[in-house]
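# Inside the fold
Take a look at the letters that make up each chain.
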Amino acid sequence: MKKIGFLSFGHWSASSQSATRSASDVLLQSIDLAVAAEELGADGAYFRVHHFAQQLASPFPLLAAVGARTSRIEIGTGVIDMRYENPFYMLEDAGSADLISGGRLQLGISRGSPEQVIEGWRHFGYSPAEGQNDADMGRRHAEVFLELLKGDGFAQPNPRPMFPNPPGLLRLEPHSPGLRERIWWGSGSNATAVWAAQMGMNLQSSTLKADESGEPFHVQQAKQIRAYRAAWKEAGHDREPRVSVSRSIFAVMNDQDRAYFGRDGSSDQIGVIDNMRAVFGRSYAAEPDRLIAELKADEAIAEADTLLLTVPNQLGVEYNAHVLESILRHVAPALDWR
C-alpha cells in the first residue's frame, strides 16, 4: 500500500488556454481540487512554493483553507524555501494551519531551488552569516524551526504582562503537538538526505537530483532513499520515517488525454542547476497496461511509501480530478498501491 497524493505548482497565466488566469483562480481551484481528491480517495494535497513568480507562494492561508474544507486528506507543501522564512513567525502559521486541519499537516521544507530573481531572500531581509552561503542559511533556519516545534519555553515573561502567564519561560503559540514528526526535508542529493535523517525529518525526493553516479534517475533516487533509511536507523530515532517521491504520471484513457500527453514517452534528462550537474526524471504517459509495466521498473517508487503526482493545474479542476481518478482506479490497484 502507498499513500498517493497530488503536487500542484499552482501556475497561472492570462493565456486564453489556461483555466487559471489569476492568483485568485489558482487559490480557489487548489481548494476545490483538494476536496475532489479527498472524495476520490486520494491521500494527500501538496502545494509547491515559489516566490516572485505567477505560482503559489505563501502557503499557510491556502493550507488552512484546505484544512477547513476537508476532513481526511493530508495537506502539505513540497517545498517551502527556508531561505525566505522567519522560523518564529512560520511556527505560529504552521501551528494554526495544523490545528485547523486537525493535525493533518505534512510540511515539506528545504533550502529551496533556483528562483526568479537574484538572491531573492535578501528582499525578505535575510543574508547568510559570515563564512556561510544561502544553503547554510536555509538549513540554519530549518534547525531553529525544528527546535521551536518541540514546544519548550525559551522567552522570559514580562513581570507585568497584559494577560496572566503560565509559570516559567514562554513558548510561541499556538503549539500543535505532533507537528514535529510531520516535517519533511526536500533533498536533492545523497548527503542532504543523510542530514535530513540525522535531524529526524521525513524525506521528500523530487523529480530531479544531483547526478552522483551517471545511472538512471530512478536508480540514483532509490540509492538516495536507502542511504536515508540507513542514516535514520543509525541515528536511533524511535519512529519509522516516511519517504515520498514525485512523478508526472498520466494514464491515457481518452482522446483528450491522448491530445495532451499521448506523444512518445520521455526519458531522463541531464542539466545544470545551481552549478550542479543534475538528472531530471522522466514523465510517464501511456495506456494503463503499458503504464503499469513501466512503473513496475521504477526502483524509487518501489522504495517510497508516498507518491506525489504532479498535476497540470492550468487544465482546471475537472480535468485534474480525472487525472487522479485514472491513476487511483486503473493503475494503482495493479501495482499493489491500493
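All of the points below concern the structure found in this document.

Reading the values: rules and limits
Counting restarts for each chain, with residues numbered from 1 along the sequence as it is written. In keeping with the predicted nature of the model, local features appear solely for residues at pLDDT of at least 70, side-chain atom pairs appear and are counted solely at 80 or more, and the whole-chain, interface and lining totals rest on all residues. Side-chain metrics rest on all non-hydrogen atoms present in the structure, leaving aside hydrogens and water. Only the stretch in contact is used when a helix axis is fitted, and all axes are lines through C-alpha atoms; the angle between N-to-C directions ranges over 0 to 180 degrees. Helix numbers and strand numbers start at the N terminus; a helix is a DSSP run of H or I with at least 4 residues, a strand a run of E with at least 2. Angular relationships are summarised with four words: roughly parallel below 35 degrees, roughly antiparallel beyond 145, roughly perpendicular across 65 to 115, and oblique for the angles in between. What makes a crossing left-handed is the near helix being turned counterclockwise from the far one by less than a right angle; a clockwise turn instead makes it right-handed. Whether two residues touch is decided by their heavy atoms; if any such pair falls within 4.5 Å, the residues are in contact. Residue polarity follows a fixed list, in which Ala, Val, Leu, Ile, Met, Phe, Trp, Tyr, Cys and Pro are nonpolar, Asp, Glu, Lys and Arg are charged, and the others, Gly among them, are polar. Of the two site types, the cavity is a set of points on a 1 Å grid over the protein atoms alone where a 1.4 Å probe fits but cannot get out, and the pocket is an open set with protein on both sides within 12 Å along at least five of seven lines, each lined by residues with an atom within 4 Å of a point. Grid points are joined across faces, edges and corners, and a volume is the space filled by probe spheres set on the points.

Let us now look at the packing of helix α2 (residues 60-69) against helix α3 (residues 87-101). Viewed as axis vectors pointing N to C, α2 and α3 meet at an angle of 15 degrees, and their least axial separation amounts to 8 Å. Relative to α3, the element α2 is oriented roughly parallel. The interaxial crossing formed by α2 with α3 has left-handed handedness. Together, Phe-60, Leu-63, Ala-64, Gly-67 and Ala-68 of α2 and Met-90, Asp-93, Ala-94, Ala-97, Ile-100 and Ser-101 of α3 make up the contact between the two elements.

Contact geometry of helix α1 (residues 23-40) with α2 gives a least axis separation of 9 Å together with a crossing angle of 35 degrees. The interaxial crossing formed by α1 with α2 has right-handed handedness. Across the interface between the two elements, Leu-27, Ser-30, Ile-31, Asp-32, Ala-34 and Val-35 of α1 pack against Leu-62, Ala-65, Val-66 and Arg-69 of α2. Looking at the contact of α1 with α2 residue by residue, the class counts come to 7 nonpolar, 1 polar and 2 charged.

There is about 900 Å³ of room inside the largest pocket. Lining the largest pocket are 38 residues; nearest its centre among them are Gly-112, Ser-113, Pro-114, Gly-188 and Leu-208. Mapped by element, the contributors of at least two residues to the lining of the largest pocket are α4 (134-149), β6 (183-187), β7 (202-205), β9 (243-247) and β14 (306-310). In terms of residues, the lining of the largest pocket owes the most to one element, β6, which gives 3 residues. Residue classes in the lining of the largest pocket are distributed as 12 nonpolar, 18 polar and 8 charged. Computed from the structure, the second largest pocket encloses a volume of approximately 220 Å³. For the second largest pocket, the full set of lining residues is Leu-7, Phe-9, His-11, Ser-248, Phe-250, Phe-261, Thr-310, Val-311 and Pro-312.

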